[in-house]
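Below are the chains, spelled out letter by letter.
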Amino acid sequence: MATATSIVRSPAALLSAKVSVSDHKPTPTVQFSRFPSKRSCFTALLSSLHDNNNDDDNNNNNVISHPKPLSSSQLFNSVSNGSRLRVAYQGVRGAYSEAAAEKAYPNCEAVPCDQFDSAFQAVEKWLVDRAVLPIENSLGGSIHRNYDLLLRHSLHIVGEVKLAVQHCLLANHGVQLEDLSRVLSHPQALAQCENTLTMIGLSREAVDDTALAAKHVALHKLKDTGAVASSSAAKIYGLNILAQDIQDDCDNVTRFLILAREPIIPGIQNPFKTSIVFSLEEGPGVLFKALAVFALRQINLTKIESRPLRNQPLRAADDNNGSKYFDYLFYVDFEASMAEERAQNALRHLKEFATFLRVLGSYPVDTTMM
Ligand SMILES: O=C(O)C(=O)C[C@]1(C(=O)O)C=C[C@@H](O)C=C1
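Under the annotation held in an unreviewed UniProt entry, the chain carries the name Arogenate dehydratase and is attributed to Gossypium mustelinum. We quote the UniProt Pathway (unreviewed entry) comment for the chain here in full: "Amino-acid biosynthesis; L-phenylalanine biosynthesis; L-phenylalanine from L-arogenate: step 1/1."

In structure tokens form, the structure reads like this:
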């Protein structure tokens, strides 16, 4: 399998191969200082805001110098030399993530990666231009691994793409539904078809992606095992579609993030969304106070997710009664652009009491599935 080093030496030949970044340097650990070491233009912007003591949302003297655009090529399908944009996704050909990459960048070269982490690294090491990775599904909920990786890596969210996910039950030709005792798929896909699979009475086994499940069933000519995957995976791996639309709700949408090395300059012409992550001191009402910075400025929140602060051990509670508590990171998406003063002021306000704050990206909302 291709390693990162060999890809760097011969990118053109290897980019058609699956990316497996195995010989990388250890990923930098998250720094729980007020800001991470690699300051994005957004964090720099926030610092400059912090230095200004005037917290009046409507004060026009509060001149903010916006960062220069570092990249605007996310809007195009080619890179500066005219070659096709290379977009990493997790999975093999026929995975929903490949479809999401192609929806985001219709003429791109979609580059398969074996793990989410490899896709992050492929962007960081300049092997590809973008990564498109799932972050949440309307039935199955959040893809926690990618929340954790967003913080561990220093990529920027430059867009989102929503994909309607319609699962099929696939099997080898000649195999009937009653022949099946087992089904393979990605854990998210299995969760999205929970009721249907329980009704059919199939045991479930998780694999890395839906298309890999289809490939495995086809390659090993399995007679008792099916796969939950897309109709395009059925075509690619020569499987028969036994049932279509087997997800528990016909409205099954997965939201993917588009990641790049550089942030985009936030606009105000189209609806924009901003994603941040922060942590807070322990204490009553602190999360309420944090969320109030948005409510006070009429900023709508579209997502909140909490994840354990992994590199900090459990601490004894202050009252010393022997109980333990957990520390959390809060990931929040809100409906405003970082180019808007109310968003800048909300984050300046939050920064006054957050123990850590990072802007993950300010990017156009995918309005195709509203
Ligand atoms: O397994 C795939 O095909 C994927 O692209 C992954 C994934 C996910 O991680 O959520 C993407 C979309 C669907 O929600 C199911 C699985």
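(A) Fine view of a nonpolar patch on the surface. On the surface, a nonpolar cluster with roughly 290 Å² of combined accessible area is contributed by Leu 177, Met 199 and Ile 200. Mapped onto the fold, Leu 177 is located in the loop between strand E6 (168–171) and strand E7 (182–185). On the basis of relative accessibility, which here comes to 36%, the residue Leu 177 falls in the partly exposed class.

(B) Examining the pattern of salt bridges more closely. Taken as a whole and assessed by the stated rule, the structure comprises 14 salt bridges. When the shortest N-O distance is used, the salt bridge between Glu 160 and Arg 255 registers 2.7 Å. Here Glu 160, found in strand E5 (residues 156–164), pairs with Arg 255, found in strand E11 (residues 253–260); they are 95 residues apart in sequence, far enough to count as distant. One exposure class covers both Glu 160 and Arg 255, and it is buried. Here the salt bridges do not stand alone but share partners, grouping Glu 136, Glu 160, Lys 162, Arg 255, Lys 273, Lys 303, Glu 305 and Asp 333 into one network.

(C) The site of the ligand, seen in detail. Around the ligand, 13 residues are found, and the nearest of them are Tyr 96, Ser 97, Gln 192, Thr 210 and Thr 254. Between the ligand and His 186, the relevant distance is 3.4 Å, taken from an oxygen atom to a side-chain nitrogen or oxygen of the residue. A distance of 2.5 Å separates an oxygen atom of the ligand from a polar side-chain atom of Thr 210. In the complex, 100% of the free accessible area of the ligand, which totals 360 Å², lies under the protein chains. Assessed atom by atom at 2 Å from the grid points, the ligand resides in the largest cavity. Of all the secondary structure elements, the ones that give two or more residues to the shell around the ligand are helix H4 (96–104), strand E3 (130–137), helix H7 (187–192) and E11. For the shell around the ligand, the two domains that each supply at least three residues are domain 2 (71–163 + 253–259) and domain 3 (168–244).

About the thresholds
Residues numbered from 1 in each chain as written. Predicted model: local features only at pLDDT ≥ 70, side-chain atom pairs only at ≥ 80, totals over all residues. Heavy atoms only, no water. UniProt positions renumbered as here; feature names shortened; annotations may be inferred. Patch = residues over 30% accessible without salt bridge, like charges linked within 9 Å, V, L, I, M, F, W, Y side chains within 5 Å. Areas by Shrake-Rupley, 256 points an atom, 1.4 Å probe, with all protein chains shown as cover. Salt bridge = Lys/Arg side-chain N within 4 Å of Asp/Glu carboxyl O. Helix = DSSP H or I, 4+ residues; strand = E, 2+ residues; numbered from the N terminus. Buried < 20%, exposed > 50% of the residue type's maximum accessible area, 1.4 Å probe, protein only. Near = heavy atom within 4 Å. Polar contact = N/O pair within 3.5 Å; in protein donor to acceptor, adjacent residues only side chain to side chain. 1 Å grid on protein atoms, 1.4 Å probe; cavity = no way out; pocket = protein on both sides within 12 Å on 5 of 7 lines; lining within 4 Å. Sits in = over half its atoms within 2 Å of the grid points. Domains from an automatic or database assignment.

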